[in-house]
Each structure stands twice: as C-alpha cells, then as structure tokens.
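Working through the structure, step by step
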Amino acid sequence: GEDVEQSLFLSVREGDSSVINCTYTDSSSTYLYWYKQEPGAGLQLLTYIFSNMDMKQDQRLTVLLNKKDKHLSLRIADTQTGDSAIYFCAESNNAGNMLTFGGGTRLMVKP
Amino acid sequence: SQTIHQWPATLVQPVGSPLSLECTVEGTSNPNLYWYRQAAGRGLQLLFYSVGIGQISSEVPQNLSASRPQDRQFILSSKKLLLSDSGFYLCAWSFSKGDTEAFFGQGTRLTVV
C-alpha cells in the first residue's frame, strides 16, 4: 500500500527558513498536499501541487517536488512563532480523492 | 460558502460505553465524506469514507462503524469503546468530482478511560 514518511521534529529560530521534507511511495500519486495543524484544532490546507509540477510558490511558502525520487518539501521563509504547528504531508491519486497522510512534522519556532 | 461542523470537541468516555460523533456539512451537495483518526504520536489514518447516502467504505478493521443517514451528515459510532479507541478524530469532506482538496472539521479529542 501507499506510504508517506516525514521526520518527526524540526526546530528553527524566528526569521530563519524552515524546510520540512516528505517522501512517498505511490508512483501514481496525482496530488500532493501540505496541511497545518495547530494545537487542538483540525487541519488547514496550506498548499498543494500537481504531480506534473516541480515547484509552487505562495507568499512565504515554496513547495518542491522531485517526482523521480518521490520527495516533497515545504519551505517556509522568514519563519514566525505563529508557524509553530504540526505539518502533514499527504498524497492522493485519481482513485476517489482519499488522502494518505504522513506522520506529521512538529515545527517549533524559537524567538 | 461551505462549512463543516463536528462535535463534540472533547469527550471522555469509560471503556465499554457507546460512542456517537457527528459531522455535518453545509453549503454543498453530495460531498464525499471521511472520518480520520490521529492516534498519539502517529499520523492520520483514514477510517471510513462515503460517496453517498448509505454508502460507507471501511479502510481498516476496527471497533468503530460509520453511517450516513443524510446527504451531508456523517456519524462515527461504537457500541463498546476500547482503550485503544482514544485519539483525535477528524471529519472531512471533499467535492465529489474534480478538485481533490479535503476540508477538515475541528476534530474531536476522545479519551477512553
């Protein structure tokens, strides 16, 4: 079955860039997502990328996709304390819109 | 605009008691509906999904069941809770066609004691 892997934890200083990495195994993945989960809350979609794209930029967020290596990354520029949260990578294929999630990366931003 | 409501936000239940979590979606018709569980220290796991009234697919064998009595209502149930059912439960919806983006509710933190 599909598998999505992420590192568990990342700590950065306020103002630095954060890079959260994700690898997946399903070669038929069509859409790849980054979700943010703040403490005690549901998931908020940050951004997504189609599998035929290499990069997508949205303000402070940059998503890079290496389809050959099945590697996805999320870069947050000028990281703020409000960016502290758990970030989930997810993928889906054309089969019914179901998402497979990674384990989440806890981002801690130190002032 | 579409909204999703999930309740309760937190729940503490004894082992062996029943469970009913409810999720409703407003502002759209015939959505795909999902229940996910996030166990402590683990990622999100898809439990059930539904593409229409009365149509439920289960992704993993477990102590839980789901029902969709109305187009925009999705219910997660258990007859007898186990300690291992503790976790954070998230309801989500997506459009039935096209865009595969999923929209999540605020979640229910269930603690079985």
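Anyway, here's the lowdown on the structure attached to this text. If you're wondering where the values come from, they're calculated on a predicted model, not measured in any experiment.

**Here's the deal with the sheet that holds strand 7 (residues 61-66) of chain A**
Residue and element names in this part refer to chain A. Spatial strand order, 1-3-8-7-6: five strands in an open sheet with antiparallel pairing. Of all strands in the sheet, those with a lone pairing partner are strand 1 (4-6) and strand 6 (55-58), marking the two edges. For this sheet, the mean angle separating the axes of adjacent strands, direction not counted, is 15°. With four bridges joining them, strand 6 and strand 7 adopt antiparallel strand pairing. Each bridged residue has a counterpart across the sheet, and for K56 the counterpart in strand 7 is V63.

**What to know about the pairing of strand 9 (residues 87-94) of chain B**
Residue and element names in this part refer to chain B. Buried residues dominate strand 9, accounting for eight of its eight residues. In the sheet, strand 4 (residues 32-38) pairs with strand 9 via seven bridges, with the strands oriented antiparallel. Its bridge partner lying in strand 9, Y36 is registered against L90. Where strand 9 and strand 11 (residues 108-112) come together, three bridges link them in antiparallel fashion. What sits directly across from F88, in strand 11, is R109. Pairing between strand 9 and strand 10 (residues 103-104): two bridges, direction antiparallel. Looking at strand 10, one finds that W93 is bridged to F103.

**Some thoughts on the interface of chain B and chain A**
The interface of chain B with chain A comprises 22 residues on the first partner and 19 residues on the second. Between chain B and chain A, roughly 1,600 Å² of surface is buried when both sides are summed, and carbon and sulfur atoms account for 54% of that area. Inspection of the chain B/chain A interface yields zero salt bridges. On the surface where chain B and chain A come into contact, there are three residue pairs in polar contact (both at pLDDT 80 or more). Every element with two or more residues in the side of chain B that touches chain A is listed here: strand 4, strand 5 (44-52) and strand 9 of chain B. Examining the composition of the side of chain B that touches chain A, we find that four residues originate from one element, strand 4 of chain B, more than from any other. Among the residues forming the side of chain B that touches chain A, the class breakdown is ten nonpolar, eight polar and four charged.

**Here we look at the sheet that holds strand 3 (residues 19-26) of chain B**
Working definition: the strands of a sheet are paired by backbone hydrogen bonds and lie parallel or antiparallel to each other. Residues and elements named next belong to chain B. Reading across the sheet, the four strands line up as 1-3-8-7 and stay open at both edges, with antiparallel pairing between neighbours. Strands with a single pairing partner mark the edges of an open sheet, and in this sheet they are strand 1 (3-7) and strand 7 (65-70). In this sheet, adjacent strand axes meet at a mean angle of 20° when their direction is disregarded. Inspection of the sheet shows strand 7 paired to strand 8 (residues 73-78) by four bridges, in the antiparallel sense. Bridge pairing in strand 8 places A66 opposite L76.

**Side note on the pattern of salt bridges**
Residues and elements named next belong to chain A. Applying the stated criterion to the full structure yields five salt bridges over all chains. Measuring nitrogen to oxygen at the nearest pair gives 3.8 Å for the salt bridge that ties K36 to E38. Among the residues examined, K36 registers a relative accessible area of 9% and is labelled buried. We classify E38 as partly exposed; its relative accessible area is 37%.

**What about unusual backbone geometry?**
With the exception of glycine, the majority of residues adopt a negative phi angle, and the majority of peptide bonds are in the trans configuration. Look at the link from W7(B) to P8(B): it is a cis peptide, with omega at 0°. Within the element layout of this structure, P8(B) appears in the loop between strand 1 and strand 2 (10-13).

**Quick notes on the side chain of Q6(A)**
All names here are of chain A. Within the secondary structure layout, Q6 lies in strand 1. A polar side-chain atom of Q6 sits 3.2 Å from the main-chain amide nitrogen of G104. A distance of 3.1 Å separates the side chain of Q6 from the side chain of T105, its partner in a polar contact. The contact partners of Q6, leaving out residues within four places of it in the chain, are I20, N21, C22, W34, Y87, F88, C89, G102, G103, G104 and T105.

Conventions and cut-offs
Residues numbered from 1 in each chain as written. Chains lettered and ligands numbered in written order. Predicted model: local features only at pLDDT ≥ 70, side-chain atom pairs only at ≥ 80, totals over all residues. Heavy atoms only, no water. Pairing = 2+ DSSP bridges. Helix = DSSP H or I, 4+ residues; strand = E, 2+ residues; numbered from the N terminus. Axes fitted to C-alpha atoms, helices over the stretch in contact; angles between N-to-C directions. Buried < 20%, exposed > 50% of the residue type's maximum accessible area, 1.4 Å probe, protein only. Contact = heavy atoms within 4.5 Å. Buried area = accessible area lost by both parts, 1.4 Å probe. Salt bridge = Lys/Arg side-chain N within 4 Å of Asp/Glu carboxyl O. Polar contact = N/O pair within 3.5 Å; in protein donor to acceptor, adjacent residues only side chain to side chain. Nonpolar A, V, L, I, M, F, W, Y, C, P; charged D, E, K, R; others polar.

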